[in-house]
Amino acid sequence: MGGRYELPPRCNQIGGDNNNGKKCPGQKFELLRKTAKYIDCQMLRLQEEDNVTSAAGRTPRHIDLEVTHDLVDACHAGDCVRVVGVIHAQNSAITAGRKGKQATENSTYHLFMKANSVVNTTAELHDKKKGATGDGEEDGSRGLTFTED
């Protein structure tokens, strides 16, 4: 859940040959690798371009991006991308392993995005720059266009 691997707190399985119809007595759990389902997953850091709202000395804003399945390896460091996804908030204290009332009430939240679509626009920008007469590069737009969407 939320990028964290967590063991179940208890076993509610009833029946079976090993426990004669009673609940599981043990609290030790281990990953059964043969029956586990694995998916491709990658965490990326999405950062705004330096020249978008450039104020001298300002660090560009960023957000962590979780991509899965066929979106893994859709881009590399330094690529310009177009992303569609859902923003999620993750309790920082609980993620760090703390529990209890104080962990939930006094902690901050870390925002991250689960991506639904990632389009690498680096090639598009490169092609536009090659064919451009320099108009798009002088104002720092690098061939970017903005729409209502």
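As the structure is a prediction and not an experimental result, all values here were calculated from the model.

The secondary structure content of the protein amounts to four helices and four strands. Along its sequence from the N terminus, the protein presents helices and strands in the succession β-β-β-α-α-β-α-α. For the protein, buried positions account for 17% of its 149 residues. Expressed as a percentage of contacts within the protein between residues at least 6 apart in sequence, the contacts between residues at least 24 apart total 57%.

This part takes up the pattern of salt bridges. Counted under the stated rule, the structure contains three salt bridges. Here Glu-48 and Arg-58 are joined by a salt bridge, their closest N and O atoms 2.7 Å apart. Within this pair, whereas Glu-48 is found in the loop between β1 (41-47) and β2 (62-68), its partner Arg-58 is found in the loop between β1 and β2, the two being separated by 10 residues in sequence. Under the relative-accessibility criterion, Arg-58 is labelled partly exposed at 36%. Residue Glu-48 pairs with Arg-61 through a salt bridge whose shortest N-O separation is 3.1 Å.

Moving on to the nonpolar core. Counting eight residues, the largest nonpolar core consists of Leu-44, Leu-65, Val-67, Leu-71, Cys-75, Met-113, Ala-115 and Val-118. Among the elements of the structure, β2 and β4 (109-120) are those that each provide at least two residues to this core. Excluding residues within four positions of it along the chain, Val-118 makes contact with Val-67, Leu-71, Ala-74, Cys-75, Val-81, Arg-82 and Val-83.

Moving on, we get to the environment of Leu-65. Tracing the backbone shows Leu-65 in strand β2. Residues Leu-65 and Arg-45, 20 residues apart in the sequence, show an inter-C-alpha distance of 5.8 Å. Setting aside anything within four residues of it in sequence, one finds Leu-65 in contact with Gln-42, Met-43, Leu-44, Val-83, Met-113 and Ala-115.

Once that is clear, we can look at the sheet that holds strand β3 (residues 81-91). Within a sheet, each strand pairs with its neighbour through backbone hydrogen bonds, oriented either parallel or antiparallel. The four strands are arranged β1-β2-β4-β3 in an open sheet whose pairing can be described as mixed. The two strands at the open ends of the sheet, each matched to only one other strand, are β1 and β3. Taken over all neighbouring pairs, the strand axes of this sheet differ in orientation by 35° on average, direction set aside. Note: β1 against β2, seven bridges, orientation antiparallel. In the sheet register, Leu-44 faces β2, and the bridge partner there is Leu-65.

Moving on, we come to the pairing of β2. Pairing analysis gives three bridges linking β2 to β4, with the strands arranged parallel. Bridge pairing in β4 links Glu-66 to Lys-114.

Okay, the confidence of the model for the protein next. Per-residue confidence for the protein averages 76 on the pLDDT scale, and 65% of its residues sit at or above 70. Per-residue pLDDT, averaged within each element of the protein, yields its smallest value for helix α4 (residues 135-138) (45) and its largest for β2 (93). Below a pLDDT of 50 lies the segment residues 133-140, which in the model reaches four contacts outside its immediate sequence neighbourhood of four places, other chains included.

Here we come to the side chain of Glu-48. Taking the relative accessible area as the measure of exposure, Glu-48 reaches 17% and is therefore buried. A distance of 2.7 Å separates a polar atom in the side chain of Glu-48 from a polar atom in the side chain of Arg-58. Polar contacts involving the side chain of Glu-48 include one to the main-chain amide nitrogen of Arg-61, which spans 3.0 Å.

With that settled, consider unusual backbone geometry. The backbone of His-69 sits at a positive phi, close to 55°, despite the residue not being glycine. If you trace the backbone, His-69 turns up in the loop between β2 and β3. Phi is positive for Asp-73, which is not a glycine, with a value near 65°. Its location among the elements puts Asp-73 in the loop between β2 and β3.

Cut-off values and rules
- Residues numbered from 1 in each chain as written.
- Predicted model: local features only at pLDDT ≥ 70, side-chain atom pairs only at ≥ 80, totals over all residues.
- Heavy atoms only, no water.
- Helix = DSSP H or I, 4+ residues; strand = E, 2+ residues; numbered from the N terminus.
- Buried < 20%, exposed > 50% of the residue type's maximum accessible area, 1.4 Å probe, protein only.
- Contact = heavy atoms within 4.5 Å.
- Salt bridge = Lys/Arg side-chain N within 4 Å of Asp/Glu carboxyl O.
- Core = buried A, V, L, I, M, F, W, Y, C linked by side-chain atoms within 4.5 Å.
- Pairing = 2+ DSSP bridges.
- Axes fitted to C-alpha atoms, helices over the stretch in contact; angles between N-to-C directions.
- pLDDT = per-residue confidence, 0-100.
- Polar contact = N/O pair within 3.5 Å; in protein donor to acceptor, adjacent residues only side chain to side chain.

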